[in-house]
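Residues per chain, in single letters:
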Amino acid sequence: MHIKRLGIVGCGLMGSGIAEISAKAGYDVVVVEVTEEFLKKGISRIEASTQKAVDKGKSTAEERAKALGRIKGSTNMDDLKGCQMVIEAVVEKMDEKKRVFGILDTICPPETILASNTSSLSITEIACSTKNPERVLGLHFFSPVPVMRLLEVIRSIMVRDDVVEAGVAFGAAVGKETVVCKDAPGFIVNQLYLPYSLVAIRQWERGLASKEDIDKAMTLGLNYPMGPFTLMDFVGLDIHYNACMAIYEETKDPAYFPPPVLKKMIQAGHLGRKTGKGFYDYPSK
Ligand code: CAA
């Protein structure tokens, strides 16, 4: 399967990162957002990130200009018609994912591969909202997408082998290492990471240690680049909570049930770095 034109639905943190690495790898990218305002914000994020890559010596100004020239923004899903693969990166809500896949199923010809960047929802359930579930797979990227080296390729029980192979080949083409995983809640990384992060909150709540010392312990003791509280703030507490709840609802495994303090912080608007306050304060926001 030759992929030349790639579609992306959603130009938030993940969608813009996927657009960036794909354009850099030479794909023509069409990225669709719901409003011009969201699109502008997403494209600005790509401009800033590609500039950072130039500043850090990871690419040249010429490569940056070429990559940006390969990205077309749109607010019209019909513009995804000519894509050989479309990656959905919208909000982590099953109803919204199904709505998007329902539209993609009618717009894109049956040979177009459809992928979801979900971190916690069932690929099988998403695939079932289309008439051709065998062309649907999961491609789970990690944030920040231009920097993180892993791509989880998720196979539902219906997906065709050549679709999974195309997902793996796409990962290699955009410079990622891939792992192939069955469609099970949380896949590989979040099955390990989410319970760990919730244990950290419980340790802090029962006074085992300060959050600063728990973070320090994990960065210095295990060489993790960020401790759990810093990482939850980085990802966004709302995103973190939704991922935990999605897996909890599917499995009823208490390891994924978020301590109530997490919900309270979200209700208070303390979502982490993006709002200037989470477990830590980020005064510049
Ligand atoms: N484009 C290309 N390269 C870039 C870049 C960009 N926009 N921005 C930074 N880089 C490169 C830098 O040049 C640097 O490369 P070298 O190591 O070769 O020098 C590297 O990326 C690190 O960048 P920085 O020095 O700017 O930043 P840092 O050292 O402070 O690291 C971090 C920042 C990469 C975020 C690091 O702290 C980290 O890895 N944190 C953990 C992130 C993580 O765990 N993410 C997963 C979250 S979970 C998720 O996403 C999935 C989910 O389902 C919720």
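Residues numbered from 1 in each chain as written. Predicted model: local features only at pLDDT ≥ 70, side-chain atom pairs only at ≥ 80, totals over all residues. Heavy atoms only, no water.

Would you take a moment to explain the site of the ligand for this structure?
If you check the shell around the ligand, you find 19 residues, and the closest are S49, K56, K58, S143 and N190. H140 places a side-chain nitrogen or oxygen 3.0 Å from an oxygen atom of the ligand. Between the ligand and S143 there is a distance of 2.7 Å, counted from a nitrogen atom to a backbone nitrogen or oxygen. Coverage of the ligand by the protein amounts to 67% of the 1,100 Å² it exposes when considered alone. Within the residue set of the shell around the ligand, elements represented by two or more residues are α2 (36-55) and α9 (228-235). Of the residues contributing to the shell around the ligand, the split by class is 11 nonpolar, 5 polar and 3 charged. (Near = heavy atom within 4 Å. Polar contact = N/O pair within 3.5 Å; in protein donor to acceptor, adjacent residues only side chain to side chain. Areas by Shrake-Rupley, 256 points an atom, 1.4 Å probe, with all protein chains shown as cover. Helix = DSSP H or I, 4+ residues; strand = E, 2+ residues; numbered from the N terminus. Nonpolar A, V, L, I, M, F, W, Y, C, P; charged D, E, K, R; others polar.)

Could you clarify how one ought to interpret the pattern of salt bridges in this entry?
A pair can form between side chains of opposite charge whenever their charged atoms are brought close. Inspection of every chain in the model, using the stated rule, returns 13 salt bridges. The closest approach of N and O atoms between E88 and K97, which form a salt bridge, is 2.6 Å. Note that R155 is salt-bridged to D161, the shortest N-O span being 2.6 Å. The partly exposed category is assigned to R155, whose relative accessible area is 30%. Judged by its relative accessible area of 47%, D161 is partly exposed. Among the ionic contacts, a cluster of salt bridges with common partners joins E88, E92 and K97. (Salt bridge = Lys/Arg side-chain N within 4 Å of Asp/Glu carboxyl O. Buried < 20%, exposed > 50% of the residue type's maximum accessible area, 1.4 Å probe, protein only.)

In this structure, what is going on with the side chain of R135? I would like to understand it.
By secondary structure assignment, the location of R135 is in the loop between α5 (123-127) and β6 (136-141). Sequence-distant contacts of R135, that is, excluding residues within four places in its chain, are made with D105, C108, P109, P110, T112, I113, L114, R160 and V163. (Contact = heavy atoms within 4.5 Å.)

I'm lost on the layout of surface pockets in this one. Help?
Leftover empty space is mapped by rolling, across the atoms, a probe with the size of a water molecule. In this model, the second largest pocket occupies a volume close to 270 Å³. Forming the walls of the second largest pocket are 15 residues, and the residues nearest its centre are M94, L121, M245, A246 and E249. Tallying contributions element by element places helix α10 (residues 237-251) first for the lining of the second largest pocket, with 5 residues. Looking at the lining of the second largest pocket residue by residue, the class counts come to 6 nonpolar, 3 polar and 6 charged. (1 Å grid on protein atoms, 1.4 Å probe; cavity = no way out; pocket = protein on both sides within 12 Å on 5 of 7 lines; lining within 4 Å. Points joined across faces, edges and corners; volume = space filled by probe spheres on them.)

Explanation requested: the packing of helix α8 (residues 211-222) against α9 in the structure shown.
Relative placement of two packed helices is described by the angle separating their axes and the distance separating the axes. Where α8 contacts α9, the axes come no closer than 7 Å and their chain directions differ by 100 degrees. Considering the angle they form, α8 stands roughly perpendicular to α9. Each of K211, I214, D215 and M218 in α8 lies in contact with α9, whose residues at this interface are P228, F229 and T230. (Axes fitted to C-alpha atoms, helices over the stretch in contact; angles between N-to-C directions. Parallel < 35°, antiparallel > 145°, perpendicular 65-115°, else oblique.)

Would you take a moment to explain the packing of aromatic side chains for this structure?
Where two aromatic rings form a pair, the distance of their centres and the angle of their planes describe that pair. Within this structure, the stated rule accounts for 7 aromatic pairs. Consider the rings of W204 and F229, whose centres lie 5.7 Å apart with planes at 70 degrees: the pair is edge-to-face. Here W204, found in helix α7 (residues 189-205), pairs with F229, found in helix α9; they are 25 residues apart in sequence, far enough to count as distant. A residue is classified by how much of its surface remains accessible, and W204, at 28% relative accessible area, is partly exposed. With a centroid separation of 5.7 Å and 85 degrees between ring planes, the pair formed by W204 and F279 is classed as edge-to-face. Residue W204 is found in helix α7, and its partner F279 is found in the segment after α11 (260-267); the two are separated by 75 residues along the sequence. Through a chain of ring-to-ring contacts, three or more aromatic side chains come together here, namely Y193, Y196 and Y224. Lying over the aromatic face of Y248, K252 brings its terminal NZ or CZ to 5.7 Å of the ring centre. (Phe/Tyr/Trp six-rings, centres within 6.5 Å; stacked < 30°, edge-to-face > 60°. Lys NZ or Arg CZ within 6 Å of the ring centre and 35° of its normal.)

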